[in-house]
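Fold and contact review
Chain by chain, the residues:
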Amino acid sequence: MAIDNADLERLKLLNLQQLSDLEYILLGDLRDVLEEESTEETRRWLTAIVEALLRTVPREFALRSRDGYLNSLLLECPEADSNVKRLEVEQTTLCEQLQELYDRLQGPGSFHAHAFELKRDLAGWMEQLQSHNLREERLFQDAYFQDTGGGD
């Protein structure tokens, strides 16, 4: 289930909300396939899902960073700068890790021989991405809903 050039062009036209929705769906698919028996069919499905994530996640991150990563948040809450920088580094790391996992899926040899480790690492990557997204959301909440005090 490879993504062809037409699919790639459509993916480029998706907005941030659509990419975020697609990521959510792909993560659900990944979770489901990780629970399947480790066969070559499972490998093909994992490869297709990870390939789609490789096209979705970096594009989503790029759209979030278009005007400067979390720039609107930093305008409201400049003291969050170190947290924003940490999240930005995480984005790069997550994309690099996903590419490494994809390369391992494409590697020679029997999938069954290294499936347990690969599936464990994919599940770990998925958890890291979800944690990253949660930290980003919490940073927004902290910045926009902080009680700055004030009087009557």
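Residues numbered from 1 in each chain as written. Predicted model: local features only at pLDDT ≥ 70, side-chain atom pairs only at ≥ 80, totals over all residues. Heavy atoms only, no water.

Here's the deal with the environment of Phe61
Just so we agree on the cut-off: By the criteria applied, helices consist of DSSP H or I runs no shorter than four residues and strands consist of E runs no shorter than two, each listed in order from the N terminus. Remark: exposure states derive from per-residue accessible area (1.4 Å probe, protein chains only) relative to the maximum for the residue type, with buried under 20%, exposed over 50%, and partly exposed in between. Contacts are residue-level and defined by heavy atoms, with any inter-residue pair within 4.5 Å sufficient.
The residue Phe61 is located in helix α3 (residues 40–64) in this model. We classify Phe61 as buried; its relative accessible area is 4%. Spatially, the C-alpha atom of Phe61 lies 8.8 Å from that of Leu16, the residues being 45 residues apart in sequence. When residues no more than four places from it in sequence are discounted, the contact partners of Phe61 are Gln91, Leu94, Cys95, Leu129 and His132.

Focus on the pattern of salt bridges
Spelled out, the test is: Counted as salt bridges are all cases of a side-chain nitrogen of Lys or Arg within 4 Å of a carboxyl oxygen of Asp or Glu.
Applying the stated rule across the entire model yields 10 salt bridges. The closest approach of N and O atoms between Arg64 and Glu136, which form a salt bridge, is 2.7 Å. In this pair, Arg64 sits in helix α3 while Glu136 sits in helix α6 (residues 111–144), placing the two residues 72 residues apart along the sequence. Among the charged side chains, a network of salt bridges with common partners joins Arg104, Glu117, Arg120 and Asp121.

So, the packing of helix α2 (residues 16–34) against α3
As a reminder of what qualifies: Only the stretch in contact is used when fitting a helix axis, every axis being a line fitted to C-alpha atoms; angles between N-to-C directions are given from 0 to 180 degrees. Angles below 35 degrees are treated as roughly parallel, those above 145 as roughly antiparallel, those between 65 and 115 as roughly perpendicular, and all remaining angles as oblique. Throughout, a crossing is termed right-handed when the near helix is turned clockwise from the far one, and left-handed when it is turned anticlockwise from it by less than a right angle. Amino acid classes used here: Ala, Val, Leu, Ile, Met, Phe, Trp, Tyr, Cys and Pro are nonpolar; Asp, Glu, Lys and Arg are charged; the rest, including Gly, are polar.
Look at α2 against α3: their axes get within 9 Å of each other, and the N-to-C directions meet at 155°. Comparing their axes, α3 and α2 come out roughly antiparallel. As for how α2 packs across α3, the hand of that crossing is left-handed. Across the interface between the two elements, Leu16, Leu19, Ser20, Leu22, Glu23, Leu26, Leu27, Asp29, Leu30, Val33 and Leu34 of α2 pack against Thr42, Trp45, Leu46, Ile49, Ala52, Leu53, Thr56, Val57, Arg59, Glu60, Leu63 and Arg64 of α3. Of the residues belonging to the contact of α2 with α3, the class tally is 15 nonpolar, 3 polar and 5 charged.

Focus on the confidence of the model for the protein chain
Put simply, the test is: The predictor reports its confidence for every residue as pLDDT, a score running from 0 up to 100.
Mean pLDDT for the protein chain: 87, with 88% of residues reaching 70 or above. Mean pLDDT across the elements of the protein chain bottoms out in helix α1 (residues 5–13) (56) and peaks in helix α5 (residues 81–106) (95).

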